[in-house]
Amino acid sequence: MKKVKIAGREVFPIGLGTLNMGDKTDKFAQEVEAIRAGLDHGVQVIDTAEMYGNGNAESLVGHAIEPFERENLFLVSKVLPNNASKKQIPISLDHSLKRLKTDYVDLYLLHWESSIPMEETIEALEQAKMQGKIKSWGVSNFDVNDMTKLLKLSNGRHCATNQVRYNLGDRGIDYDLVPMMKENSMPLMAYAPVARGDRLGADLTKQNVLQDISKKYHADVFQILLAWCIRNGQTIAIPQSSNKKHVINNVKAADIQLTEQDLAKIDSVYPELTIIEPLALW
């Protein structure tokens, strides 16, 4: 299993997403157990956002990580676009830090493109970095055009990552965004890497090729989807699960090294696109 380098750190390639977590008190203990199980099995990256449950997910994460050494973790949170100003970013960030019960986040992302000038957002993020409240910053849901504009701005190349929806059924970015990020030595963060348990319409779990490959590795189809997602050594996948067993299975997917033959079989059913496709969202 090869780690992925991001913002000067080498981290485990499979992390934990927290969308829709922390909202229900009757599931709180189960969700804490799931996060801690992941951390116990080598996970470092935990992804959350101020938007998720209006901070509930951050509070859940803050509680779940209490027994763990902070320096071993790689915490990611996101600021809403309407909070991405010089005035509001420090306020949003302080609220996130309080909920996470930490003095800093390792990576702070702009959740999607804002009407606030990106120059202003970058200035505020750089200020937070100088204050030690964030170690690095990046963006989410940026397409190639957005990234091209960003990289031309002052300090734009300090952007550590772009987090986008990416899975076998949503692989349009392989045509343009992935090569661009690779060229700029920027790792990708992939959300919905198992197509939200096959709820995004691609019927991945029913595909015979994927079932055959999963049997070959004594794995399930979701593990194969994760192994495919991180196959290039430059992607961090952040599947979300509140189930301890599922989380542990997700982590074990990092041990699966798909062969060129495996990848060719997958490509025969889910080929790379040869035209630009709009970025898949949410």
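Now for a quick tour of the structure.

What counts, and where the lines are drawn
Residues numbered from 1 in each chain as written. Predicted model: local features only at pLDDT ≥ 70, side-chain atom pairs only at ≥ 80, totals over all residues. Heavy atoms only, no water. Salt bridge = Lys/Arg side-chain N within 4 Å of Asp/Glu carboxyl O. Helix = DSSP H or I, 4+ residues; strand = E, 2+ residues; numbered from the N terminus. Buried < 20%, exposed > 50% of the residue type's maximum accessible area, 1.4 Å probe, protein only. Pairing = 2+ DSSP bridges. Axes fitted to C-alpha atoms, helices over the stretch in contact; angles between N-to-C directions. Parallel < 35°, antiparallel > 145°, perpendicular 65-115°, else oblique. Left-handed = near helix turned anticlockwise from the far one by under 90°. Contact = heavy atoms within 4.5 Å. Nonpolar A, V, L, I, M, F, W, Y, C, P; charged D, E, K, R; others polar.

1. Here's the deal with the pattern of salt bridges
Enumeration over the complete set of coordinates arrives at 15 salt bridges. Here K244 and E33 are joined by a salt bridge, their closest N and O atoms 4.0 Å apart. Taken together, the residues K244 in helix 10 (residues 244-252) and E33 in helix 1 (residues 28-40) connect sequence positions 211 residues apart. When its relative accessible area of 38% is taken as the criterion, K244 is described as partly exposed. With a closest N to O distance of 3.9 Å, E272 and R171 form a salt bridge. On the criterion of sequence distance, the pair formed by E272 in the segment after helix 11 (260-269) and R171 in the loop between strand 8 (159-165) and helix 6 (177-183) is long-range, its members being 101 residues apart. For E272, a relative accessible area of 44% corresponds to the partly exposed category. Using a relative accessible area of 5% as the deciding quantity, one classes R171 as buried. Residues joined in a network through salt bridges with shared partners are R171, D174, R231, D267 and E272.

2. Regarding unusual backbone geometry
The backbone of N141 sits at a positive phi, close to 60°, despite the residue not being glycine. The residue N141 is located in the loop between strand 7 (137-140) and helix 5 (144-152) in this model. With a phi close to 50°, S185 is a non-glycine residue in the positive phi region. Topologically, S185 is positioned in the loop between helix 6 and strand 9 (188-191). The exposure class of S185 is exposed, given its relative accessible area of 66%.

3. Some points on the sheet that holds strand 4 (residues 45-47)
The strand order across the open sheet formed by eight strands is 3-4-5-6-7-8-9-10, and the pairing between neighbours is parallel. Strand pairing shows two members of the sheet lacking a second neighbour, strand 3 (16-17) and strand 10 (235-237), which therefore form its edges. Looking at chain direction, strand 6 (residues 107-110) and strand 7 are connected through three bridges and run parallel. Bridged to L110 within strand 7 is V139.

4. Overview of the packing of helix 1 against helix 10
In the contact formed by helix 1 and helix 10, the axes pass within 8 Å of each other and the chain directions differ by 25°. One finds that helix 1 runs roughly parallel with respect to helix 10. The crossing of helix 1 and helix 10 is right-handed. Residues E33, A34, A37 and G38 of helix 1 touch helix 10, and the partners they reach there are K244, V247 and I248. Broken down by class, the residue content of the contact of helix 1 with helix 10 amounts to four nonpolar, one polar and two charged.

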